[in-house]
Amino acid sequence: MAQQQQRPISNRPISFLNRNGLFLLLLALLVFLGVYLPLSESPLFMFQNRTSSSSPPSPSFVVSDWRYYSLAQAAKFVAKNGTVIVCAVSYPFLPFLNNWLISISRQKHHEKVLVIAEDYALLYKVNEKWPGHAVLIPPALDPKAAHHFGSQGFYNLTSRRPQHLLDILELGYNVMYNDVDMVWLQDPFKYLQGGHDVYFMDDMTAIKPLNHSHGLPTSRNGVTYVCSCMIFLRCTSGAKLLLKKWVEEIRTQPWSNTEAKKPHDQPAFNRALHKTTHQVDVYLLPQSAFPSGGLYFKNKKWVNETNGKHVIVHNNYIVGYNQKLKRFQDFGLWLVDDFSHESPLGKLE
């Protein structure tokens, strides 16, 4: 009787809804969700399929993925009309970065901005608040090191600048570099007309006539004081040549703790300008629009005479974080206290 009730195994119906089948299906689904979805939301996945840098979406980025975000991916994400606006900054200067961004957002150019973070703390903070607009190019610097003018930390930060800019040019973009202790009062791009390779501002305090020459300026002793704080470079062979020479000049001037000879990138930039004089088409921006801090903050008469002409103001000719901040406050240029809502980073705690 027992043998008559048994059915051959080969005749049993196969069901995927039994206990083992359900377990395998659930396991496969969990593996799919755990592997594919994080990959699809990462910056690396997004940029594999992006073919245009115009009007990028606002994806939801995973902060931890930014450790592997490349300069090429970052530049492609932010570039508009073939141009990237760049700064290089470390975490201690985050408030100055935010102040600078507010002034740029007022001119509707903030979406072009790429923050080259010099430490992971700033990389994560910017991309947490403003996904896609910061990248770190190894090695990361020590965020606790001093970064005031004349310090080794300042030298380490600024000496990397020309290579960053050259790398962006090699990717095919025009690039504007700014220090973050600057404030935009007007749109500077209308002053970048013509096909010149490089545009820059003078760092001198001596007053120039409004119709001054736009060639490479020199003082009586033949020394050039062009500021490396604000540079616009077109993607040309001339601009690339200048940056390569700038990199070479920095390498010949290693860090020294001698009080009388504490190097930074600006003297090397000026030497590079002189050595490429006949190979690079340079353009000195008008002093009335791009004054040094030694002129703007110390010559009230000149400021009144050129009122309405100022485009970018540089808070230089002063040393110290708190001193720079107070000067901005005294002149009504510290925007983060009352206008943080205008910054892409928002209010920082």
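Anyway, here's the lowdown on the structure attached to this text. Every value quoted in this text rests on a predicted model; they were computed, and no experiment measured them. (Residues numbered from 1 in each chain as written. Predicted model: local features only at pLDDT ≥ 70, side-chain atom pairs only at ≥ 80, totals over all residues. Heavy atoms only, no water.)

**Considerations on the pairing of strand β2 (residues 113-117)**
Link 1 in the chain: Judged by how many residues are buried, β2 sits mostly within the fold: five of five residues are covered.
Link 2 in the chain: On β2, burial covers both faces: V113, V115 and A117 on one face and L114 and I116 on the other are all buried.
Link 3 in the chain: Here strand β1 (residues 83-89) runs beside β2; their pairing, made up of five bridges, is parallel. Looking at the pairing, V89 lines up with A117 of β2.
Link 4 in the chain: Tracing the backbone out of β2, into helix α6 (residues 120-129) and back to the parallel element strand β3 (residues 134-136) gives a crossover that is right-handed. (Buried < 20%, exposed > 50% of the residue type's maximum accessible area, 1.4 Å probe, protein only. Helix = DSSP H or I, 4+ residues; strand = E, 2+ residues; numbered from the N terminus. Pairing = 2+ DSSP bridges. Right-handed = clockwise from strand over helix to strand, strands pointing away.)

**Looking at the packing of aromatic side chains**
Link 1 in the chain: As enumerated under the stated definition, the model contains 17 aromatic pairs in all.
Link 2 in the chain: Members of the aromatic cluster, joined through ring pairs, are F93, F96, Y296, F297, Y321, F328, F331 and W334.
Link 3 in the chain: The residue whose ring lies beneath R106 is F339, and the NZ or CZ to ring-centre distance is 4.5 Å. (Phe/Tyr/Trp six-rings, centres within 6.5 Å; stacked < 30°, edge-to-face > 60°. Lys NZ or Arg CZ within 6 Å of the ring centre and 35° of its normal.)

**Brief notes about the pattern of salt bridges**
Link 1 in the chain: The tally for this structure, following the rule as stated, stands at twelve salt bridges.
Link 2 in the chain: Here K240 makes a salt bridge to E170, at a shortest N to O gap of 3.6 Å. Taken as a pair, K240 in helix α9 (residues 237-251) and E170 in helix α8 (residues 161-170) lie far apart in primary sequence, 70 residues in all.
Link 3 in the chain: A relative accessible area of 44% places E170 in the partly exposed class. (Salt bridge = Lys/Arg side-chain N within 4 Å of Asp/Glu carboxyl O.)

**What about the side chain of R161?**
Link 1 in the chain: Within the secondary structure layout, R161 lies in helix α8.
Link 2 in the chain: Classification of R161 by relative accessible area gives buried; the value is 5%.
Link 3 in the chain: Once residues within four sequence positions are removed from consideration, R161 is found in contact with Y177, D179, S228, C229, W246 and D265. (Contact = heavy atoms within 4.5 Å.)

**Details of the pairing of strand β6 (residues 198-202)**
Link 1 in the chain: The buried fraction of β6 is high, at five of five residues.
Link 2 in the chain: Inspection of the sheet shows β6 paired to strand β7 (residues 226-233) by five bridges, in the antiparallel sense. Note that in β7 the partner of V198 across the bridge is L233.
Link 3 in the chain: As defined by bridge partners, β6 adjoins strand β8 (residues 282-284) across three bridges and the pair is classed as parallel. Bridged to V198 within β8 is V282.

**Points about unusual backbone geometry**
Link 1 in the chain: A cis amide bond links P138 with the next residue in sequence, P139, at an omega value of 5°.
Link 2 in the chain: Structurally, P139 can be placed in the loop between β3 and α7 (152-158).
Link 3 in the chain: In the Ramachandran plot, K108 falls in the positive-phi region, its phi being about 65° despite a non-glycine side chain.
Link 4 in the chain: Within the secondary structure, K108 sits in the loop between α5 (94-105) and β2.

**With respect to the sheet that holds β2**
Link 1 in the chain: Spatially, the seven strands line up as an open sheet ordered β3-β2-β1-β4-β7-β6-β8, and their pairing is mixed. If you trace the sheet from one side to the other, it starts and ends with β3 and β8, each paired once. Going across the sheet, the axis of each strand differs from the next one's by a mean of 30°, ignoring polarity.
Link 2 in the chain: Lying over the sheet, α5 contacts β1, β2 and β4 (174-178), oriented at roughly 160° with respect to β1.
Link 3 in the chain: Packed on one face of the sheet, helix α10 (residues 265-275) meets β6, β7 and β8 and runs near 60° to β7. (Axes fitted to C-alpha atoms, helices over the stretch in contact; angles between N-to-C directions.)

**Here's the deal with α8**
Link 1 in the chain: For α8, the tally of buried residues reaches seven of ten residues, placing the bulk of the element in the interior.
Link 2 in the chain: Within α8, the full set of buried residues consists of R161, P162, H164, L165, L166, I168 and L169.
Link 3 in the chain: At the C-terminal side of α8, G172 shows a positive phi close to 100°.

**A short note on helix α13 (residues 321-330)**
Link 1 in the chain: Restricting attention to buried positions, one finds in α13 the residues K324, L325, R327 and F328. All buried residues of α13 lie within an arc of 160° about the axis, which places them on one face of the element. Exposed positions of α13 whose direction lies more than 90 degrees from the buried face are N322 and D330.
Link 2 in the chain: Structurally, α13 contributes buried residues whose contacts are with α5, β5 (182-184) and α11 (293-296).
Link 3 in the chain: Where α13 terminates, the next one or two residues include G332, which has phi positive at roughly 70°. (Arc of directions from axis to C-beta.)

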